[in-house]
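The lines below spell out each chain.
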Amino acid sequence: MRSGKQKNRQPFWKTKKLEELSHEQWESLCDRCAKCCLIKLEFEDTGELCYTHLVCRYYDEDHCSCTCYGERTELVPTCVKLTAQNLVAVHFMPATCAYRLLFEGQQLPLWHPLVSGSSETVHAAGISIRGRVVNEEHVDADDWEEYIVDWVD
């Protein structure tokens, strides 16, 4: 029989600060939407940041994940490794990103795998990029502006 304390136990993301999370807890916050794998364009004259539906060459369409996750920042110098310390400066994360949501004091949505208990709910809810992207290797960099989208947030 469970004690009353165990029944009312809150999930770690509700009781800990981001900087207190273990490596495993931190990684589990990622919902695997892969929006961070999208190519983003920043216009020098205005500072405007736009998402494209172009995806990094290391994106795995079948698994909606990075094929070189451990080495991603070495292989792709513009790839950012999120930490509790750099979240304040990472303004380009989508509004649905769990790290951003928790940093801003919001709750995880019902489709988040930690809430739903299923890794498929992020895809079923239409949050992930699965099935909506083109690999950057198939498009000339001069044409990237033609791939700007507004469905990311």
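Up top is the structure.
In short, a report on the structure.

Thresholds applied
- Residues numbered from 1 in each chain as written.
- Predicted model: local features only at pLDDT ≥ 70, side-chain atom pairs only at ≥ 80, totals over all residues.
- Heavy atoms only, no water.
- Helix = DSSP H or I, 4+ residues; strand = E, 2+ residues; numbered from the N terminus.
- Contact = heavy atoms within 4.5 Å.
- Patch = residues over 30% accessible without salt bridge, like charges linked within 9 Å, V, L, I, M, F, W, Y side chains within 5 Å.
- Areas by Shrake-Rupley, 256 points an atom, 1.4 Å probe, with all protein chains shown as cover.
- Salt bridge = Lys/Arg side-chain N within 4 Å of Asp/Glu carboxyl O.
- Lys, Arg positive; Asp, Glu negative; His and termini not counted.
- Charge placed at Lys NZ, Arg CZ, Asp CG, Glu CD.
- Buried < 20%, exposed > 50% of the residue type's maximum accessible area, 1.4 Å probe, protein only.

### A word on the environment of Val 152
So, point 1. Secondary-structure assignment places Val 152 in the segment after β6 (148–149).
So, point 2. The contact partners of Val 152, leaving out residues within four places of it in the chain, are Lys 35, Leu 38, Tyr 51 and Pro 94.

### Remarks on a negative patch on the surface
So, point 1. The grouping of Asp 140, Asp 142, Asp 143, Glu 145 and Glu 146 at the surface amounts to a negative patch.
So, point 2. In this structure, Glu 145 sits in the loop between β5 (134–135) and β6.

### Notes on the pattern of salt bridges
So, point 1. Taken as a whole and judged by the stated rule, the model has three salt bridges.
So, point 2. For Arg 100, the salt bridge goes to Glu 104, with nearest N and O atoms at 3.0 Å.
So, point 3. Look at Arg 100 and you get partly exposed, because its relative accessible area is 23%.
So, point 4. The partner of Glu 120 in a salt bridge is Arg 130, with the nearest N and O atoms 3.4 Å apart. Of the two residues, Glu 120 is situated in the loop between α6 (113–116) and α7 (121–124) and Arg 130 in the loop between α7 and β5; the sequence distance between them amounts to ten residues.

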